[in-house]
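Examination of the molecular architecture
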Amino acid sequence: MASAAATQACDLLKAAFPGQVTTLADGPEYESKRDQPWSQTCWVPSTAFVALNSAGEVASALAIIKKTGCKFAIRSSGHNPNVGFSSVDDSGVVFDLRGLNEKTLDSDGVLHAGPGNTWGEVYQYLQGKGLSPTGGREVQVGLGGFLTGGGYPPFPSLHGTGPDNVKGFEIVLANGNIVEANASINESLWRAIKGGTSNFGIVTRFDIETHPLIKAQFTIDMYDPSDYMNINAATLSVQDEMEKDPKLNLFTNYNMGFVAVFQLYADCPTERPKAFEVLENLPSKINTPLPKTDGTVLSFVETLSKMGHVPFSLNRKIATLTTKLSQELYDDVYKLWQGISKKIPDGAMLHYTIQPLSTHAVQAGEHRGANMLGLKKIPQTCKRLTRWLIFVYLILTYLNFTGWVFTAEWPKDLEKGSTVVEAHEELLQGVEKMARDKGILLDYLCPSFAGASQKVMRSFGGPNLQRIQDVAANYDPDGVFQKLQNDGFLLRYA
Ligand SMILES: Cc1cc2nc3c(=O)[nH]c(=O)nc-3n(C[C@H](O)[C@H](O)[C@H](O)COP(=O)(O)OP(=O)(O)OC[C@H]3O[C@@H](n4cnc5c(N)ncnc54)[C@H](O)[C@@H]3O)c2cc1C
């Protein structure tokens, strides 16, 4: 039963936006909006879904939310699997931004794109013009969460993370004002949104730096997990090579019964890069589901969307950690996961992925005006020798690090669904403890892959958290986005 505030808001929204508000009475149309999110856990019956097609409409809808005190959630594509982030129960309404899907390209190569676009649509649009953005690795992922969070692209070492490549935002503030935020106007807000997620307003346009078309050579090999020590050693070897060559990247996914290693190169050389030889030569290779393929980031992302993720709907739960590189940790994580996986009932999956982030990625972000993510950086102002020593120190200690993504997937009607959730939590806690005990746990929690209960804003470090809090207090003094937004990596949890 809808709350009184939600009912009132729904009536006002219907009057303000005739034909744009979908409620239970709309039958299949309501169901398709409810069931849009990637994770079935987010198929939550809201009082209404409001399709908003312009910044002005977003401002008017927000005014109704404020007037009624109704809860709301912002949805770009609904790919975030945390329940309540882009979904809300019958105490609120969902702002569906899919209609904000304009794309225009400036003569200086800046793409102006609405949050309703998916990365597939953006890659497609730009490829025809010989350009590439720094976008996601899945065609259906939306711009909203990716660019306001920690957006991890296919080649982070080239141009940094997704938010690093945002030159400006158009954002609707809690007071209804539609403002620009970039390096010249509302500069603190611009920086804060780059990682600070939905704490300040609703982004209605991203101004995105584009790059000459990024080529991509990609291969997927599968290995026998029992050879984990060699697979881990090979993964670490490629991670080391990434420090020398920013065109390299890989993801190593430990799954039930196989290990899939995605090897990427941002060019199409005749010979595969030598860095991957360690993987080619492993005798535990089971097969090569995708032999060396030359393409672009678009074709890579299309391929990954078909081969890399389970293509049908499931309940999903994710979490993340960041650590320094360590063969001992990699091996211990495998053993822990092996043990915990035995508790996973048939039909469910518990898997994890190693995702590197190199010094090049951190520096590329720094060169673009920095973000809120708190990734360690090299001071640029000191003398050459000092800078070199710091560079070596940081490489050895901090910079080249590993993002871990832990994913649980299970069918909605699985009887033992709670076992999967518990196993996922046990894996997360176990890895966190092991990394902490070894002294190699890092603070950073990437918003793209973090679980709802992880303290993402705090993970960016005290000074960045303070900046985010100051900007939110300045641009949303009444705390509308803290009080009425249903959920998210909000400051109210920091
Ligand atoms: C199959 C798959 C592949 C993925 N691949 C990658 C990857 O390669 N790299 C990566 O970094 N991440 C990846 N992700 C994670 C993804 O980037 C995050 O889940 C991200 O939050 C999704 O953003 P969205 O806008 O699509 O999702 P939504 O669920 O619509 O939104 C996510 C969050 O962002 C907020 N938000 C959305 N739009 C706006 C806006 N306009 N203004 C303010 N706040 C907004 C929402 O309130 C919500 O809290 C992947 C996820 C899936 C399911």
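Residues numbered from 1 in each chain as written. Predicted model: local features only at pLDDT ≥ 70, side-chain atom pairs only at ≥ 80, totals over all residues. Heavy atoms only, no water.

Going by an unreviewed UniProt entry, the chain carries the name FAD-binding PCMH-type domain-containing protein and comes from Neoarthrinium moseri. As its UniProt record puts it under Sequence similarities (unreviewed entry), the chain is described as follows: "Belongs to the oxygen-dependent FAD-linked oxidoreductase family." (UniProt positions renumbered as here; feature names shortened; annotations may be inferred.)

1. Thoughts on the nonpolar core
Trp119, Leu189, Phe200, Tyr254, Leu279 and Trp404 are the most contacted members of the largest nonpolar core, which totals 111 residues. Among the elements that line this core, the one with the most residues is helix H14 (residues 417-437), at 7 residues. Three or more residues apiece are contributed to this core by two domains, here domain 2 (103-212 + 461-478) and domain 3 (215-457). Within the second largest apolar cluster, 29 residues are counted, among which are Ala9, Leu13, Val93 and Ala174. (Core = buried A, V, L, I, M, F, W, Y, C linked by side-chain atoms within 4.5 Å. Buried < 20%, exposed > 50% of the residue type's maximum accessible area, 1.4 Å probe, protein only. Helix = DSSP H or I, 4+ residues; strand = E, 2+ residues; numbered from the N terminus. Domains from an automatic or database assignment.)

2. Observations concerning the UniProt feature "domain: FAD-binding PCMH-type" (unreviewed entry) in the chain
UniProt annotation of "domain: FAD-binding PCMH-type" (unreviewed entry) refers to residues 41-213 when read in the numbering used here. Taken end to end, residues 41-213 has its terminal C-alpha atoms 37 Å apart, with 25% of it in helix and 26% in strand.

3. Remarks on the site of the ligand
Residues in close proximity to the ligand total 30 residues, the closest being Ser77, Ser86, Arg137, Tyr152 and Ser448. Within the side chain of Arg137, a nitrogen or oxygen atom sits 2.6 Å from an oxygen atom of the ligand. Residue Gly145 places a main-chain N or O atom 2.7 Å away from an oxygen atom belonging to the ligand. In isolation the ligand exposes 950 Å². Once the protein is present, 96% of that is buried. With 3 residues, the top contributor of residues to the shell around the ligand is helix H5 (residues 143-148). The residue makeup of the shell around the ligand, split by class, is 11 nonpolar, 16 polar and 3 charged. (Near = heavy atom within 4 Å. Polar contact = N/O pair within 3.5 Å; in protein donor to acceptor, adjacent residues only side chain to side chain. Areas by Shrake-Rupley, 256 points an atom, 1.4 Å probe, with all protein chains shown as cover. Nonpolar A, V, L, I, M, F, W, Y, C, P; charged D, E, K, R; others polar.)

4. Considerations on the sheet that holds strand S15 (residues 285-296)
Reading across from one edge, S15-S12-S14-S13-S17-S18-S16-S19 is the order of the 8 strands in this open sheet, with antiparallel pairing throughout. Only two strands of the sheet have a single partner each, and these edge strands are S15 and strand S19 (441-442). Running at roughly 150 degrees to S15, helix H10 (residues 297-307) makes contact with strand S12 (215-223), strand S13 (248-255), strand S14 (258-265) and S15 of the sheet. (Pairing = 2+ DSSP bridges. Contact = heavy atoms within 4.5 Å. Axes fitted to C-alpha atoms, helices over the stretch in contact; angles between N-to-C directions.)

5. Digging into the domain arrangement of the chain
The domain architecture assigned to the chain consists of domain 1 (4-96), domain 2 (103-212 + 461-478) and domain 3 (215-457). Taking only C-alpha atoms, the centre of domain 2 and the centre of domain 3 are 24 Å apart. Residue-level contacts link 39 residues of domain 2 with 41 residues of domain 3. Buried surface at the junction of domain 2 and domain 3, summed over both partners, amounts to about 3,300 Å²; 62% is from carbon and sulfur atoms. On inspection of domain 2 and its partner domain 3, the count reaches 1 salt bridge. For Glu209, the salt bridge is made with Arg368, and the minimal N-O distance between the two is 2.9 Å. Listing elements by their share of the side of domain 2 that touches domain 3, those giving two or more residues are helix H4 (119-127), helix H6 (156-159), helix H7 (187-196) and helix H16 (462-475). Looking at the side of domain 2 that touches domain 3 residue by residue, the class counts come to 12 nonpolar, 20 polar and 7 charged. (Buried area = accessible area lost by both parts, 1.4 Å probe. Salt bridge = Lys/Arg side-chain N within 4 Å of Asp/Glu carboxyl O.)

6. Here's the deal with the side chain of Ser341
Note that Ser341 resides in helix H11 (residues 327-341). When its relative accessible area of 12% is taken as the criterion, Ser341 is described as buried. A polar side-chain atom of Ser341 sits 2.7 Å from the main-chain carbonyl oxygen of Trp337. Residue contacts for Ser341: discarding those within four places in its chain leaves Met256 and Leu350.

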